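The residues making up each chain are set out below.
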Amino acid sequence: MRFAATKAGPSFSASTGVVTKMANGLSGASKDSNAGKDGLDIKAVEAPDRLAMDDIFLEDTTGVNEEAVLCLQKGMPGLLYRHHGLRQPPRRDQVRAHPLLHPANNGGAALHPTDPSTPTLFRPLTIRDVTLKNRIVVSPMCMYSAECDPSSPLVGALTDYHIAHLGHFAVKGAGLIFVEAQAVQFNGRISPNDAGLWDHSPESEQFKSLQRIVRFCHSQGAKVAVQLHHAGRKASVTAPWVATEAGKRSLRAEASVGGWPSDVVGPSGGPENIWDGTGEGYWTPRALTVEEIQDVVQAFAKSAEAAVRAGVDVLEIHGAHGYLINQFLSPITNTRTDQYGGSFENRTRLVREIATAVRAAIPSGTPLFLRISASEWMEGHDVAAESGTWNLESSLQLLPLLPELGIDLLDVSSGGNHKDQNIVKVVANTNYQIDLAAQLRKAIRKAGAPTLVGAVGFITEAEQAQGLVQGSDEAHAINDTVSGPEATADLVLLARQFLREPEWVLNAAKALGAKVDLPVQFRRAINL
Ligand SMILES: Cc1cc2nc3c(=O)[nH]c(=O)nc-3n(C[C@H](O)[C@H](O)[C@H](O)COP(=O)(O)O)c2cc1C
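Here the structure is a predicted model, which is why all the values come from computation and not from measurement.

1. Looking at the overall build of the protein
Turning to step 1, where the next piece is worked out: Across its full length, the protein holds 21 helices and 14 strands.
Turning to step 2, where the next piece is worked out: Counting only residues that meet the buried cut, the protein has 48% of its 528 residues in that class.
Turning to step 3, where the next piece is worked out: Restricting to contacts in the protein with at least 6 residues of sequence separation, those with at least 24 account for 71%.

Here you go:
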């Protein structure tokens, strides 16, 4: 169906969808009699070729979007502004930003959010000024799919791939979508193909590409989180599949493929601090100077501020998986003797400084999460006996600091800081990480602290996810878990299951009998 507009008299109705009526088979001016005085006349210049779809528009207000596209194609902003009651013709970018003109959806949102029959998993969760429509979060997942040429303006920027990848989770109802780990410094990437946000200019491709992701996810009713990241000594390796294809667990990225071998950093340097111990798969790190540590702290803050400017709703500090912050936390990987090493207070200094700087750089209404490896799973190893280790007790010790640092949610992950970790043993029990979340949440609730907890790891089933958050509202309401049902977490994060089953949220709603909104485009195919 195509339309043409002519300045031909009083025929456009500002109150009804002229194009919709046209799509119903009329040609020429609208049959509406309450047309605007100086309205445009719209004519169908070709026979309808999508009548079935247009029938849907008749029932559906989002037909407005189709009109917008048509009008933009035909260069008819005047039509749009009349249709939407705007005083001035909008500029093209304003037209794009107009909420009605996105394919606005709110898939995965409960139709009756306060109804007690709505499973907790599908109840909204408000953290500071941000309300998630449900408690299902797409966990951060590096896709190693950004431009790697350091001389390209696109280096580190998100791409069309990310729009498709993250966008479809948004269409399909996730409440919060993590953009993958985004490096706060050039040398903070894991691979040359990682995404980053070290270029904070609004004109930068890193900024604009993030803004684009946010805009699209918001149009689908999803909130967006950025995970701020520095890879430390695990940096400058190739994408994992490149290593796998070469028959290796990891492959160092040379400068010739965009790597930065001489600028891989950590709390402690030298060959004894190479992540895999051999130097085959990872580079030798050098120890950061105190001045460089301060630069890292500022880089986190600046990236956070830029992310908020780009429209991001939630920030997370990546303190897990053996990356820079985790390396500082662990006495195994942090052998410094200055104010950033040694005691618990000194080893937590970096994360405390980063959290303080990030919190100061973002609005008070913006939630701040912290992901930690709640245990590095090194118990029983000689090195842990010699130097100590970061384990559940260390994480419990960290908890009281979180509220004063402005951290709203602890995202409980584990492992990744040492090649000899016992994770192979613990993984036989797929609850190994969820159990850590449960224990940490119990301690938080017992202390009466407000910190929320996210559970992640091997969450695949709807009932399982619901079971993890069941009771969390009730516990918060009575400010206790002892006398109420005890939840494991306040929200769940899923990673691999979303790759296998992108429509997991909608499937979970069906499995749990939750009545949720559907993306309009899918309504003919899905019936909940
Ligand atoms: C492809 C892929 C990329 C990942 N990238 C990140 C990342 O950027 N940041 C992070 O904290 N965790 C990352 N993870 C870990 C996940 O966020 C999640 O914690 C982990 O996969 C366990 O959850 P799951 O059992 O639901 O997959 C990644 C996982 C996968 C599978």
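Now that the structure is up, let's keep going.
2. With respect to unusual backbone geometry
Turning to step 1, where the next piece is worked out: The backbone phi angle of Tyr 144 is positive, close to 50 degrees, even though this residue is not glycine.
Turning to step 2, where the next piece is worked out: For Tyr 144, the position within the fold is in the loop between β5 (136–138) and α6 (160–171).
Turning to step 3, where the next piece is worked out: Residue Tyr 144 is classed as buried on the basis of its 20 C-beta neighbours within 10 Å.
Turning to step 4, where the next piece is worked out: Although it is not a glycine, His 321 adopts a positive phi angle of roughly 60 degrees.
Turning to step 5, where the next piece is worked out: With respect to the helices and strands, His 321 occurs in the loop between β10 (314–319) and α10 (324–329).
Turning to step 6, where the next piece is worked out: The class for His 321 is buried, based on 21 C-beta atoms found within 10 Å.

3. Some remarks on the site of the ligand
Turning to step 1, where the next piece is worked out: In the vicinity of the ligand lie 20 residues, with Ser 139, Met 141, Ala 181, Ala 495 and Arg 496 positioned nearest.
Turning to step 2, where the next piece is worked out: Elements supplying a minimum of two residues to the shell around the ligand: β6 (176–183) and α20 (496–500).
Turning to step 3, where the next piece is worked out: Grouping the constituent residues of the shell around the ligand by class yields ten nonpolar, seven polar and three charged.

4. So, the pairing of strand β13 (residues 452–456)
Turning to step 1, where the next piece is worked out: Counting buried positions along β13 gives five out of five residues, so the element sits mostly inside the fold.
Turning to step 2, where the next piece is worked out: Residues of β13 alternate between two faces, with Leu 452, Gly 454 and Val 456 on one and Val 453 and Ala 455 on the opposite face, all of them buried.
Turning to step 3, where the next piece is worked out: Examined bridge by bridge, strand β12 (residues 409–413) and β13 share four bridges and lie parallel to one another. Its bridge partner being in β13, Leu 409 is matched across the sheet by Leu 452.
Turning to step 4, where the next piece is worked out: Where β13 meets strand β14 (residues 491–494), three bridges bridge the pair, whose relative direction is parallel. Counterpart to Val 456 in the pairing with β14 is Leu 493.

5. Re the nonpolar core
Turning to step 1, where the next piece is worked out: Counting residues in hydrophobic clusters, the biggest one holds 124 residues, and the most contacted among them are Ile 177, Phe 300, Leu 315, Val 358 and Val 492.
Turning to step 2, where the next piece is worked out: Counting residues per element, this core draws most heavily on helix α9 (residues 290–309), which supplies nine residues.
Turning to step 3, where the next piece is worked out: Setting aside its immediate chain neighbours within four residues, Phe 300 contacts Val 184, Leu 228, Ile 317, Ile 354, Ala 357 and Val 358.

6. Re the sheet that holds β12
Turning to step 1, where the next piece is worked out: Pairing is parallel around the closed barrel formed by eight strands, whose spatial order is β5-β6-β7-β10-β11-β12-β13-β14. On average, each strand axis in the sheet is inclined to that of its neighbour by 25 degrees, with strand direction left out of account.
Turning to step 2, where the next piece is worked out: Alignment of strand β7 (residues 223–229) against β10, held across four bridges, turns out to be parallel. Paired with Ala 225 across the bridge in β10 is Val 314.
Turning to step 3, where the next piece is worked out: Packed on one face of the sheet, helix α12 (residues 349–361) meets β10 and β11 (368–373) and runs near 165 degrees to β10.

7. Regarding the environment of Leu 512
Turning to step 1, where the next piece is worked out: By secondary structure assignment, the location of Leu 512 is in helix α21 (residues 504–512).
Turning to step 2, where the next piece is worked out: According to the C-beta neighbour criterion, Leu 512 is partly exposed, with 17 such atoms within 10 Å.
Turning to step 3, where the next piece is worked out: Sequence-wise, Leu 512 and Glu 463 are 49 residues apart; in three dimensions their C-alpha atoms are separated by 7.0 Å.

8. Let's talk about the pairing of β10
Turning to step 1, where the next piece is worked out: Most of β10 is tucked away: six of the six residues are buried.
Turning to step 2, where the next piece is worked out: Side chains Val 314, Glu 316 and His 318 of β10 all project onto a buried face; the interleaved residues Leu 315, Ile 317 and Gly 319 project onto the opposite face, where all are buried too.
Turning to step 3, where the next piece is worked out: Of the pairings in the sheet, the one linking β10 to β11 comprises five bridges and is parallel in character. Bridging from a neighbouring strand, Leu 315 pairs with Leu 368 of β11.

9. Some thoughts on helix α18 (residues 462–469)
Turning to step 1, where the next piece is worked out: Among the residues making up α18, those that are buried are Ala 462, Ala 465, Leu 468 and Val 469. Along the axis of α18, the buried residues cluster in a sector spanning 130 degrees; they form a single face.
Turning to step 2, where the next piece is worked out: Downstream of α18 by a residue or two, Gly 471 has a phi angle that is positive, lying close to 95 degrees.

10. Topic: the confidence of the model for the protein
Turning to step 1, where the next piece is worked out: Here the protein averages 83 in pLDDT, and 78% of its residues register 70 or above.
Turning to step 2, where the next piece is worked out: Taken together, the stretch residues 1–87 has pLDDT below 50 and engages in 131 contacts with residues farther than four places along the chain or on a different chain.
Turning to step 3, where the next piece is worked out: Confidence over residues 480–484 falls short of pLDDT 50; this stretch has eleven contacts with residues more than four positions distant or in other chains.

11. Here's the deal with the packing of α9 against α12
Turning to step 1, where the next piece is worked out: Closest axis-to-axis distance for the α9/α12 pair is 8 Å, and the angle between their directions is 35 degrees. As for how α9 packs across α12, the hand of that crossing is right-handed. Taking contact as the criterion, the partners of Ile 293, Val 297, Gln 298, Phe 300, Ala 301, Ala 304 and Glu 305 in α9 are, on α12, Leu 350, Glu 353, Ile 354, Ala 357, Val 358, Ala 360 and Ala 361.
Turning to step 2, where the next piece is worked out: Class assignment for the residues of the contact of α9 with α12 results in eleven nonpolar, one polar and two charged.

12. What to know about the packing of α18 against α21
Turning to step 1, where the next piece is worked out: For the pair α18 and α21, interaxial distance at closest approach is 9 Å and the crossing angle is 80 degrees. Comparing their axes, α21 and α18 come out roughly perpendicular. Contacts between α18 and α21 pair Ala 462, Glu 463, Ala 465 and Gln 466 from the former with Asn 507, Ala 508, Ala 511 and Leu 512 from the latter.
Turning to step 2, where the next piece is worked out: Of the residues contributing to the contact of α18 with α21, the split by class is five nonpolar, two polar and one charged.

13. Comments concerning α12
Residues separated by three or four positions in an α-helix point in the same direction, a consequence of the helix having 3.6 residues per turn.
Turning to step 1, where the next piece is worked out: Between its terminal C-alpha atoms α12 stretches 18 Å, which fits the 18 Å expected from 13 residues at 1.5 Å a residue.
Turning to step 2, where the next piece is worked out: If you follow the buried residues of α12, they end up packed against α9, β10, α10, β11 and α15 (402–405).

Conventions and cut-offs
- Residues numbered from 1 in each chain as written.
- Predicted model: local features only at pLDDT ≥ 70, side-chain atom pairs only at ≥ 80, totals over all residues.
- Helix = DSSP H or I, 4+ residues; strand = E, 2+ residues; numbered from the N terminus.
- Buried ≥ 20, exposed ≤ 12 C-beta atoms within 10 Å, placed from the backbone.
- Contact = placed C-beta atoms within 7 Å.
- Near = placed C-beta within 6 Å.
- Nonpolar A, V, L, I, M, F, W, Y, C, P; charged D, E, K, R; others polar.
- Pairing = 2+ DSSP bridges.
- Core = buried A, V, L, I, M, F, W, Y, C linked by C-beta atoms within 7 Å.
- Axes fitted to C-alpha atoms, helices over the stretch in contact; angles between N-to-C directions.
- Arc of directions from axis to C-beta.
- pLDDT = per-residue confidence, 0-100.
- Left-handed = near helix turned anticlockwise from the far one by under 90°.
- Parallel < 35°, antiparallel > 145°, perpendicular 65-115°, else oblique.
- Expected span 1.5 Å × (residues − 1).

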